[in-house]
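What follows is each chain in one-letter form.
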Amino acid sequence: MPTRGTRAEGPPTQHKAAELNMAGAVGKRNEVSDTVDMSKPLYTDSVDVPLPDIPYKEVLTDADKSLKQKEKGPWNQLSKEEKLALYRLKFLKTYPEMNQTTPEWKTVIGAAFFFLGFTGLIIWWQKVYVFPERPRTFEGDWQEKQLKRMLDMRINPIEGLSSKWDYEKGQWK
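All of these numbers come straight from a predicted model, not from anything done at the bench. (Residues numbered from 1 in each chain as written. Predicted model: local features only at pLDDT ≥ 70, side-chain atom pairs only at ≥ 80, totals over all residues. Heavy atoms only, no water.)

Draft legend 1. Summary view of helix α3 (residues 80–90). Taken together, the buried positions of α3 are E82, L86 and L89. Along the axis of α3, the buried residues cluster in a sector spanning 55°; they form a single face. The exposed residues of α3 that point more than 90 degrees off its buried face are K80 and E81. The elements touched by buried residues of α3 are α2 (62–71). (Buried < 20%, exposed > 50% of the residue type's maximum accessible area, 1.4 Å probe, protein only. Helix = DSSP H or I, 4+ residues; strand = E, 2+ residues; numbered from the N terminus. Arc of directions from axis to C-beta. Contact = heavy atoms within 4.5 Å.)

Listed below in structure tokens is the structure:
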């Protein structure tokens, strides 16, 4: 029997387990993606910024360390492969590799054409099933009758339509 002012410890309930899990999650910040500390120097390959902040390879193997020791000597004793390996320690890509085009433009053009086609299908569907029939006032004979009526009524005779009609000859001036 617990005494007054103390709490009986029983088996953990679901609520207590949830509290414990939340306490652990707050400390660890279980995030979905990795975060990058932008206060530290980063490696980037860019034509605009030819010298990155840090070398491409930071952790060197034993072969890389021996190659770095050879680098301190005369460079005419290094082979072409060794010079290329030294370059790859500092940089990931050469300028021609950075300037090489990617096939990404094909995806962009394909997506644009897909959406244009889909939009065309939607417009066709609306024209067939949604929009009403074209009004009869758009037909040619209706517009001819309307023009004749406007001329007969002598609408806007000073500067408008009727001013350009010759009523005696029955034709446009």
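Let us keep going from here.
Draft legend 2. How the structure looks around unusual backbone geometry. Located in the positive-phi region is R154, a residue other than glycine, with phi close to 55°. Its location among the elements puts R154 in the loop between α6 (140–152) and β1 (165–166). By relative accessible area, which is 48% here, R154 ends up partly exposed. At N156, a position not held by glycine, the phi torsion is positive, near 55°. Residue classification places N156 among the partly exposed positions, given a relative accessible area of 47%.

Draft legend 3. The confidence of the model for the protein, seen in detail. Per-residue pLDDT for the protein has a mean of 84; in total, 82% of the residues score no lower than 70. The element-level mean pLDDT for the protein is lowest in helix α1 (residues 14–28), coming to 49, with helix α5 (residues 104–130) highest at 97. Below pLDDT 50 for its whole length, residues 10–18 participates in 1 contact with residues either more than four positions away or in separate chains. Contacts for the low-pLDDT stretch residues 20–25, under 50 throughout, to residues beyond four places or in other chains number 1 contact. (pLDDT = per-residue confidence, 0-100.)

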